[in-house]
Amino acid sequence: MSVMVARKKVVRKWEKLPGRNTFCCDGRIMMARQKGIFYLTLFLILGTCALFFAFECRYLAVQLSPAIPVFAAVLFLFAMATLLRTSFSDPGVIPRALPDEAAFIEMEIEATNGTVPQGQRPPPRIKNFQINNQIVKLKYCYTCKIFRPPRASHCSICDNCVERFDHHCPWVGNCVGKRNYRYFYLFILSLSLLTIYIFTFNIVYVALKSLKIGFLNTLKETPGTYPSMSLTVLTVLEVLICFFTLWSVVGLTGFHTFLVALNQTTNEDIKGSWTGKNRVQNPYSHGNIVKNCCEVLCGPLPPSVLDRRGILQQEESTAQEGSCPQGPGMQEASAMQGPGQAQEGHSVLSLQVPAPSVSDSKIPEEKQQTPGELPVPSPDAGRAEH
């Protein structure tokens, strides 16, 4: 007899979510699928800081102040923490409509627009919404089957609608939206300060060495000679990396500082939503830089509406076979069962009874025949003939 034991497999919602995202740690980490440039960001930050801490910081801590490596470590840890928080979090993805919800929205649209004649283009699917006495249009997303909330947009790379969509940043490997924009801004701000810090003290390091042994001797100095531990080639490499990073990171920080002061997103700035020909005022701005900064950077952080680790369904899988002996009572009970009863009990137990082999030694009513002996008819056979 083989026993079929039913086991339940828990399926989380992140396993069935549409879109082009990748999940790790049982749905706790959410990123875009294209993560190559994100790994490059980690390599540049970790490599540059490792060289600075290994060589220049040791010399500067002795010659100037031990606070130099401490402050650099604080900036480095803060930049890495905000980078990982931006990359591994839900930017504010809006769930797609269920089939019933999508059908209801389609019925609403048909009832509003009426029947469109053949050959005529249907009107755009737009709803008007009033914010601060100003009309804002809510656009319909044909992929997610929903009317997008104000300031939301569909990311073509992640294939999701993101609330308060700013942009998709390949350097952090994720979209930047309502739930991670403040961490993205703090990341580029701290990275700008860290880049300026390393760039400045690299120049100070080369200047101090040049005052002692001359600039040309500093460049010709053999790497790794104790006690100076000067790796001039690596120092020049650090200076070059920081120099080219300054133009992009510091400029990006200034641009987003301007957007935060106006309570505006990158997507709105590129499209010219509030600075176009109509000169429509931004309904989300409070008209005060301090209030705008407090709302964007210090406002309440909404929870994720995806519920990535929620249980979606339970799949049953049968396994674990075992054999156990059958007694004569069990064999008789299985023989007396009808086909209907056997089918009902099969979902719990699957009884496999071997068919008895017919042999002369297991027939108690008839004697064994020897070769050449005629069979003797039984009296019951004669009664059956009459």
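For clarity, every value in this text was computed on a predicted model and none was experimentally measured.

About the criteria used
- Residues numbered from 1 in each chain as written.
- Predicted model: local features only at pLDDT ≥ 70, side-chain atom pairs only at ≥ 80, totals over all residues.
- Heavy atoms only, no water.
- UniProt positions renumbered as here; feature names shortened; annotations may be inferred.
- Helix = DSSP H or I, 4+ residues; strand = E, 2+ residues; numbered from the N terminus.
- Buried < 20%, exposed > 50% of the residue type's maximum accessible area, 1.4 Å probe, protein only.
- Pairing = 2+ DSSP bridges.
- Salt bridge = Lys/Arg side-chain N within 4 Å of Asp/Glu carboxyl O.

### Some points on the UniProt feature "transmembrane region" (unreviewed entry) in the chain
Turning to step 1, where the next piece is worked out: UniProt records the feature "transmembrane region" (unreviewed entry) for residues 37–55, 67–84, 183–208 and 228–250 in the present numbering.
Turning to step 2, where the next piece is worked out: Taken end to end, residues 37–55 is 100% helix and 0% strand, and its two terminal C-alpha atoms sit 27 Å from one another.
Turning to step 3, where the next piece is worked out: Between the end C-alpha atoms of residues 67–84 the distance is 26 Å, and the span holds 100% helix and 0% strand.

### Quick notes on the pairing of strand S3 (residues 21–24)
Turning to step 1, where the next piece is worked out: Across the two faces of S3 the burial differs, with Asn-21 and Phe-23 buried and Thr-22 and Cys-24 not buried at all.
Turning to step 2, where the next piece is worked out: By the bridge criterion, 4 bridges tie S3 to strand S4 (residues 29–32) in an arrangement that is antiparallel. Residue pairing across strands places Phe-23 opposite Met-30, the latter belonging to S4.
Turning to step 3, where the next piece is worked out: The loop that links S3 with its antiparallel partner S4 comprises 4 residues; one of these, Cys-25, has a positive phi angle of about 55°.

### Topic: the sheet that holds strand S7 (residues 134–141)
Turning to step 1, where the next piece is worked out: Spatially, the 3 strands line up as an open sheet ordered S6-S7-S8, and their pairing is antiparallel. Because the sheet does not close on itself, it has two edges, and the strands there are strand S6 (126–131) and strand S8 (146–147).
Turning to step 2, where the next piece is worked out: By the bridge criterion, 2 bridges tie S7 to S8 in an arrangement that is antiparallel. Looking at the pairing, Tyr-140 lines up with Phe-147 of S8.

### Quick notes on the sheet that holds strand S10 (residues 160–162)
Turning to step 1, where the next piece is worked out: Read across the sheet, 3 strands follow the order S5-S10-S9 without closing on themselves; strand pairing throughout is antiparallel. In the strand order of this sheet, the two ends are held by strand S5 (93–94) and strand S9 (153–155), each with one partner.
Turning to step 2, where the next piece is worked out: Pairing between S9 and S10: 3 bridges, direction antiparallel. Looking across to S10, one finds that Cys-155 is bridged to Asn-160.

### Side note on the pattern of salt bridges
Turning to step 1, where the next piece is worked out: Taken as a whole and judged by the stated rule, the model has 6 salt bridges.
Turning to step 2, where the next piece is worked out: Measuring nitrogen to oxygen at the nearest pair gives 3.0 Å for the salt bridge that ties Arg-125 to Glu-106. Highlighted residues: Arg-125 in the loop between helix H3 (99–113) and S6 and Glu-106 in helix H3, separated in sequence by 19 residues.
Turning to step 3, where the next piece is worked out: Judged by relative accessible area, Glu-106 falls into the partly exposed class, the value being 23%.
Turning to step 4, where the next piece is worked out: One salt bridge connects Glu-163 with Lys-178, and the closest N-O pair in it is separated by 3.4 Å. Pair noted here: Glu-163 is in the loop between S10 and strand S11 (167–169) and Lys-178 is in the loop between strand S12 (174–176) and helix H4 (181–213), with a separation of 15 residues, a long-range link.
Turning to step 5, where the next piece is worked out: Under the relative-accessibility criterion, Glu-163 is labelled partly exposed at 29%.
Turning to step 6, where the next piece is worked out: For Lys-178, a relative accessible area of 34% gives the class partly exposed.

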